[in-house]
Structures are given as structure tokens and as C-alpha cells.
Amino acid sequence: MRVPTHHHNPNTVLDLQQFLDESVDFAGYLVKLRTSASRDVIYHLLQQCIKRKDLIAGRHAYSFMINVGFDSIPVLLDHLIRLFAACGSQVDANDVFSKMSRPSVYTWNAMISAHANLDDHAKALVLYHQMWHKKILPDRYTFLSILKASETLVRSNSYIVTLDFRTFKWML
């Protein structure tokens, strides 16, 4: 495995992509070196971790984000939640989500989708209701996840599903 050096300076997105492809352990390397990286580098790193479903590298990336103060950038946190969900780690996804001061609709969608995809359909619906009470307007992606969760719960007869279909009105 090629170990990146702090002298490596990718000149193009393709160079960066190749660099990240060669070593998803880049996050661990950054944590060890305590070097700084741009938000774009972390963004691309998280994309690679999602693609590879690499939970360990994702946790290293999160640790690095905390160390350099990137742990409050919504787009990075959204990707981190998606990464943890893709790896099946609801605990990590919930941890990141709980520390966010003002989650966006994209963040709520990531959490609702994560729980729906990991067969925690009741929690997906609870999150939807929390989102609604916080006056965050759902979008079509929210409803796709909610419909999936609702359908599964109704089929299993384990939950009575009530959705406020007035919220669909603005989408039509």
C-alpha cells in the first residue's frame, strides 16, 4: 500500500481521486500526522469511504474532522451519516446526528433513510415526526423513505401508521 506523504499535492480532481483510491487509510494517516486538509479533501475521502463501505476509515475521518474543527460543516456531517448508515452503524450515525445543532432536510433524510434501510422502520417514522415537529419541511426523498418504512410496518401488522398527507399537497 502506498503511504501518502505530506508533500503530495494533487493538482486535479483526478489526481485526488487516484490518490484516495490508492489509500483509503488516508484518514488514519491524517489523524496520525495532525496535518490540515481542505474541506474538499475530506468530502472526497468520505465519498470513497461510502463507496467502499469502509467504517474504520470513516471513523478515522470523523476523528480528524473533530481535531481540525470540521465537525460542524453540515455537508461533511451529512456524508458521515450516510457513510455510517451504509456500513450498518446506526450508533455512529445517531452519534453524529445528535451533535448537530440544526440538521437540514438533507440530514434528516439521511437519518430516516438509514433507519428505513437498516430495517428500523419504527425509528424512521419517529424521526419523520420529530422532523415535522421541528418545522423542517420534508421533500420527495423524505416521503420515499417514509413510504418504504410504512409499507413494511403495515405488512407486518406491527405498527399503526398515520401520516399527515396534507404535507404531500405542496409537492404536487
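The following paragraphs examine the structure supplied in this document. (Residues numbered from 1 in each chain as written. Predicted model: local features only at pLDDT ≥ 70, side-chain atom pairs only at ≥ 80, totals over all residues. Heavy atoms only, no water.)

In this section: the nonpolar core. Within the largest apolar cluster, 35 residues are counted, with the highest numbers of intra-cluster contacts made by Leu 46, Met 65, Leu 80, Ile 81 and Phe 84. Breaking this core down by element, the ones donating at least two residues are α3 (39-52), α4 (55-68), α5 (74-86), α6 (90-98), α7 (105-117), α8 (121-133) and α9 (140-156). Other than its neighbours up to four places away in sequence, Ile 81 contacts Ala 93, Val 96, Phe 97, Met 100, Thr 107, Ala 110 and Met 111. (Core = buried A, V, L, I, M, F, W, Y, C linked by side-chain atoms within 4.5 Å. Buried < 20%, exposed > 50% of the residue type's maximum accessible area, 1.4 Å probe, protein only. Helix = DSSP H or I, 4+ residues; strand = E, 2+ residues; numbered from the N terminus. Contact = heavy atoms within 4.5 Å.)

Taking 1.5 Å per residue, 13 residues should reach 18 Å; α8 reaches 19 Å between its end C-alpha atoms and fits that length. Within α8, burial applies to His 121, Ala 124, Leu 125, Leu 127, Tyr 128 and Met 131. Across the axial projection of α8, the buried residues extend over an arc of 155°, all falling on one side. Remark: Lys 135 follows α8 within two positions and exhibits a positive phi of approximately 65°. (Expected span 1.5 Å × (residues − 1). Arc of directions from axis to C-beta.)

Attention now goes to α7. Here α7 spans 18 Å end to end across 13 residues, near enough to the 18 Å set by a 1.5 Å rise per residue. α7 sits mainly inside the fold: 10 of its 13 residues count as buried. Those residues of α7 that fall on the buried side of the exposure criterion are Thr 107, Trp 108, Asn 109, Ala 110, Met 111, Ile 112, Ser 113, Ala 114, His 115 and Ala 116.

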